[in-house]
Every structure is written in structure tokens, then in C-alpha cells.
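Spelled out, the chains give:
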Amino acid sequence: MTLAEQDASPAGGRSNDARECALLVRIAGRDSAAMKELYLLYHRRLARFLMRLTTRYDLAEEIINDTFWVVWQHAGDFRGASRVSTWILGIAYRRGLKTLRYAGPPPVDIEVETEPAADEPARQEELNEWLDVALRRLPLEQRTAIELAYHLGHSCEEIASIMQCPVNTVKTRMFHARRKLKTLLTTLAGPD
Amino acid sequence: MKLRSKRSALHSRAEQLIPWLVNGSIPAEADPALREHIAACAQCLEDYDEQLRVRAAMRAEGPLVFAAESSYQKLLARIQNPDAGREPRASAAGPDLLPVTNPVRRAPPVVRWLAAAVIVQAFAIGVGAWMWHSSSGASSARYVTLTSASPSYESGPRVRVLFRTELSVGGLQTLLQGAGAHIIDGPADGDVYTLGFAPPAASSAVLAQRMAALRANPAVLFAEPVQNGVR
Ligand SMILES: [Zn+2]
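Residues numbered from 1 in each chain as written. Chains lettered and ligands numbered in written order. Predicted model: local features only at pLDDT ≥ 70, side-chain atom pairs only at ≥ 80, totals over all residues. Heavy atoms only, no water.

Undergrad: Looking at this structure, how should I read the nonpolar core?
TA: Within soluble globular proteins, side chains that are nonpolar tend to cluster in buried spots. Core analysis: the largest hydrophobic core is formed by 82 residues, its most contacted members being Leu24, Leu38, Leu46, Leu50, Phe68 and Ile146 of chain A. Element by element, the count of residues in this core is highest for helix α2 (residues 32–54) of chain A, at eleven residues. (Core = buried A, V, L, I, M, F, W, Y, C linked by side-chain atoms within 4.5 Å. Buried < 20%, exposed > 50% of the residue type's maximum accessible area, 1.4 Å probe, protein only. Helix = DSSP H or I, 4+ residues; strand = E, 2+ residues; numbered from the N terminus.)

Undergrad: What's the story with the pattern of salt bridges in this structure? I'm lost.
TA: Opposite charge on two side chains lets them pair, provided their charged atoms get close. Residue and element names in this part refer to chain A. Going through the model one piece at a time under the given rule, you end up with 14 salt bridges over all chains. For arginine 52, the salt bridge goes to glutamate 147, with nearest N and O atoms at 2.8 Å. With arginine 52 in helix α2 and glutamate 147 in helix α6 (residues 140–151), the pair connects residues that are 95 residues apart, well separated along the chain. Taken individually, arginine 52 and glutamate 147 each receive the classification buried, so the pair is uniform in this respect. Beyond isolated ion pairs, a larger network of salt bridges with shared partners links Arg52, Asp132 and Glu147. (Salt bridge = Lys/Arg side-chain N within 4 Å of Asp/Glu carboxyl O.)

Undergrad: Explain the side chain of glutamine 51 of chain B here, please?
TA: Among the secondary structure elements, glutamine 51 of chain B is positioned in helix α3 (residues 42–59). If we skip the residues at most four places from it in the chain, glutamine 51 of chain B touches Tyr150 and Arg178 of chain A together with Ile18 and Val22 of chain B. (Contact = heavy atoms within 4.5 Å.)

Undergrad: Would you mind going over the coordination of the zinc ion with me for this structure?
TA: Residue and element names in this part refer to chain B. For the zinc ion, every protein donor is listed as His11 (ND1), His37 (NE2), Cys41 (SG) and Cys44 (SG), and the spread of their distances is 1.9 to 2.4 Å. Considering all four donor atoms around the zinc ion, angles at the metal cover 106 to 112 degrees and the coordination shape is tetrahedral. Counting the intervening residues between successive donors of the zinc ion yields the motif H-x25-H-x3-C-x2-C. Separated by 30 residues along the polypeptide, histidine 11 in helix α1 (residues 2–22) and cysteine 41 in the loop between α2 (32–40) and α3 bring together distant segments of the chain. Using a relative accessible area of 14% as the deciding quantity, one classes histidine 11 as buried. Exposure remark for cysteine 41: the relative accessible area of 4% places this residue in the buried category. (Donors = N, O, S within 2.8 Å, 3.2 Å for Na, K, Ca; no water. Tetrahedral: all angles 85-135°; square planar, octahedral: opposite > 155°, others 65-115°.)

Undergrad: What am I meant to see in the packing of α2 of chain A against helix α3 (residues 60–74) of chain A here?
TA: For any two helices packed against each other, one specifies the inter-axial angle together with the distance between the axes. Residue and element names in this part refer to chain A. In the contact formed by α2 and α3, the axes pass within 9 Å of each other and the chain directions differ by 140 degrees. Relative to α3, α2 is oriented oblique. Classified by chirality, the crossing of α3 by α2 is right-handed. Together, Ser32, Met35, Leu38, Tyr39, Tyr42, His43, Leu46, Ala47, Leu50, Met51 and Thr54 of α2 and Ala60, Ile63, Ile64, Asn65, Phe68, Val71 and Trp72 of α3 make up the contact between the two elements. (Axes fitted to C-alpha atoms, helices over the stretch in contact; angles between N-to-C directions. Parallel < 35°, antiparallel > 145°, perpendicular 65-115°, else oblique. Left-handed = near helix turned anticlockwise from the far one by under 90°.)

Undergrad: Sorry if this is basic, but what is going on with the packing of aromatic side chains here?
TA: Working definition: an aromatic ring pair is given by the centre-to-centre distance plus the angle between the planes. Residues and elements named next belong to chain A. Evaluation of the coordinates by the stated rule reveals four aromatic pairs over all chains. Positioned over the ring face of tryptophan 72 is arginine 30, at 4.0 Å from the centre of the ring. Over the ring of tyrosine 42 we find arginine 45; its NZ or CZ atom is 4.0 Å from the centre of that ring. (Phe/Tyr/Trp six-rings, centres within 6.5 Å; stacked < 30°, edge-to-face > 60°. Lys NZ or Arg CZ within 6 Å of the ring centre and 35° of its normal.)

Undergrad: Any chance you could explain α2 of chain A here in plain terms?
TA: Working note: α-helix, 3.6 residues per turn, so residues spaced by three or four point in the same direction. Residue and element names in this part refer to chain A. Between its first and last C-alpha, α2 extends only 29 Å over 23 residues, short of the 33 Å set by a 1.5 Å rise per residue. Taken as a whole, α2 carries its principal kink of about 45 degrees at histidine 43. The N-capping residue of α2, defined by a side-chain oxygen 2.9 Å from the backbone nitrogen of alanine 33, is aspartate 31. Following α2 by one or two positions, threonine 55 adopts a phi angle in the positive range, close to 50 degrees. (Expected span 1.5 Å × (residues − 1). Bend = angle between axes of the 7 residues up to and from the residue. Polar contact = N/O pair within 3.5 Å; in protein donor to acceptor, adjacent residues only side chain to side chain.)

Undergrad: Explain the environment of histidine 176 of chain A here, please?
TA: Of note, histidine 176 of chain A is situated in helix α8 (residues 167–189). For the pair histidine 176 of chain A and proline 139 of chain A, spaced 37 residues apart in the sequence, the C-alpha separation amounts to 9.8 Å.

Undergrad: What's the story with the side chain of histidine 151 of chain A in this structure? I'm lost.
TA: On the secondary structure map, histidine 151 of chain A appears in helix α6. Side-chain polar atoms of histidine 151 of chain A contact the side chain of glutamate 147 of chain A, separated by 2.7 Å. Other than its neighbours up to four places away in sequence, histidine 151 of chain A contacts Arg45, Arg48 and Ile146 of chain A together with Met58 and Arg59 of chain B.

Undergrad: I'm lost on the packing of helix α4 (residues 84–103) of chain A against helix α7 (residues 156–163) of chain A in this one. Help?
TA: Residues and elements named next belong to chain A. Put simply, α4 and α7 touch, their axes get as near as 8 Å, and they point 40 degrees apart. Classed by the angle they form, the pair α4 and α7 counts as oblique. For the crossing formed where α4 meets α7, the hand is right-handed. Along the contact surface, α4 presents Thr86, Leu89, Gly90, Tyr93 and Arg94, while α7 presents Glu158, Ser161, Ile162 and Met163. Tallied by class, residues from the contact of α4 with α7 come to four nonpolar, three polar and two charged. (Nonpolar A, V, L, I, M, F, W, Y, C, P; charged D, E, K, R; others polar.)

Undergrad: How do you make sense of α6 of chain A when you look at a structure like this?
TA: All names here are of chain A. End to end, α6 covers 15 Å across twelve residues, agreeing with the expected 16 Å (1.5 Å per residue, within 8%). With ten of twelve residues buried, α6 is to be regarded as a mostly interior element. Just past α6, the residue glycine 153 takes up positive phi, approximately 75 degrees.

In C-alpha cells form, the structure reads like this:
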């Protein structure tokens, strides 16, 4: 793999943002068709993000709807200081934290049995399996940072904005998240 | 010695920046020295490749199917009847409600908003897929939205307007509604927008009234009628 081969593209992108800006304008005008369009545009990625954040499958829908309730009420306050996706993810993140505080820890901490892997290089499918387990073992802030960076493609500055912390804190969280993931993946997948 | 310290500086910078190269938020053409280092440094290249794999795994589709439509119906019920059977949880959101401001990037002026809306509007006229409609009845007497361009605006009177940069989307929406106006084109020549008017604005008395309303709005820096045939 060369450095030029990757398909790296930040989530959203300017053209998507333009479309989402226009939807927000219509939502500010109480246009429920625009609301539905934006909702459906975000539902899947928010559901995944929130499940990673909270590790609670039962809470995602409630947090998504709380998030969009805020969007519905406050679309007109948005001033374009960030991308629409950054704004919405920021609301979802804070709603998620708040809901978690009310809800307490998950009823059952799901532990996945892990078998030592065969003595071969880790394949992508294996990595996909171990990753979910490993991510659950990261502290919430590190898990959130890496999810925002890798799943949703946000920049360091955007993550700082979503998580309301300094840019350097994001860098540190990502650094530790990567390091811990490496250790966890090695442990989970067995020595190779 | 000097070469070595330069290399180690690049190495520690690469360690920090690899995630942002991997996720594309640092563009591919940026920082060629850093990319050269990664390509030549075994440790960084391994880290880079591993992060690419982790990213691919995190972006892989999971087995879960989300019932977006039924979730939306619940939200819609709440929107249509905000007081029914729900504790006021959202109202306790407090600071959540404020838009996130990025400490690093300066807030762009509202013109970016308008540019975005106009781009979409142009698209809408082309494919007709973005026609605005309202699902609510009596309360929705008439909204003017940026995406509800009607052919009647095309031939009607026009006005060139410059908005204040602090104008929010909500403020813009209210302003356009109050003036019975609609964005037709822009931005051009220093962020000037062309507005058309919702009918009836054909009579000069109605037009003068709407011009006065626009000019009276503190968010409008200037507004001038466009002469026939000139944009
Ligand atoms: Zn290196």
C-alpha cells in the first residue's frame, strides 16, 4: 500500500455540507420534510456512533431523537461556525453523555470469549471481529475520539469542537487509543 | 547529527499526525516531507498501514439494521405534539443547545450559508426533487424558503442585497419571510445576493413597501432594485 492509494475522504465534505446547510435553513422554517431528510441522512451514522460511545444498544434511538429534537428547535441558531455534521455530532455526543449519566452502567457487561488465533497474519475479517471487543475496553473519551476520526472521518479540530476539549487533548486521546488498541488487538488475536 | 535530529523531529511529528493522514483530514498533497519520511521509515510505515486497516475495520458495515423510519415517526409525533406524554428532558439540555464553535477556525460569514443554499437551489430547479412542502395544515399559511423557487420569481422585480455577516439562518429565514423575498442568485461582487419577490409584487406600491421592509432590517447593509435586464 502506498501513501497515495488510500481512499481517505473526510466524512461529509463541502458539497454534502452545502446540502445539509440548505436543509437546516428549511428546518428553521419549520419544514418537516427537510427534517425527515436530514434525519434519515444521519440516522445510521449516529446510531453506530452512539452505540460505540455508550455500548448500549437500547439507548441509541432515544439519544438520536433527543439530538434531532434539539436540531428542530435550534436550527435557526446555527451560524455556520462549523460543518453541520460537527454541530450535530457535538449535540449527539453531549446528549449521549447525559443519557449515560441517567442510565448508569450497562445491565450486563458483554464479554466476548476470545480464542487464540492461528499462527498467521491477522486478516481484515479477524481484525473487524476483534476491534469491537477491543474498542469496548478503551476509556470512553479515547473510544469516542477514534470513532469520530476513523468511522466518521472528522479532523482533529472538528473532534475538539464536538468533544469540547483542546485540540492537543484530542491528539493525546488518539495517541493513547492507538497504543491501547495495538496492545489489545495483539492480546486478543494471540501472538503472530 | 543535524540530519538525525531532523529525522527524529519528522518521526515524532509523523507519530502524532498519522491518524489524520489516514482519515484524509490532512490532504494527500500536504506536507510532502512528512509523507516522504513515512514512506522511508519502517516503523512509521507499519503504523500507517495498521491504522489504515483499523480505519477500514471501523468503517466496515456491521450486521445491524437500523429502523430509521420508525424512529423518525416517534420524533415526528414529538414535533407535532411536543407536550404529549414526555418529560421535559430536552429542555434540560442547557448548553447543549448552543451551536458548537470551533476554537481554531474562525466563524465564516453568513455568505457561506447563502452560497450553500443557492447551490442547492440551483440543483433543485434542475431536478425538481427538492420542492418544498409542508406537512402541517393551518399553521403553515405560507413559508418562503430558499428551496422553493417558483418560476414566477424569474420574471418579477429583483433587488440586490448585502447582508450583515452575523446573520443566522433563522434570522435570514425571518427576514426573507417578512419581506416576501426569495434568493435567486449570488453571491457576486463582494457577496451581493439577488432576491426576487413572492407575488404579488408587480405593482410599484407593493414593491416599494417590500424594499422599505428590507432596508429597515438591521441585518441588511444595503438593498437596491435591479434595473430591467441587468443583474
Ligand atoms: Zn518514522
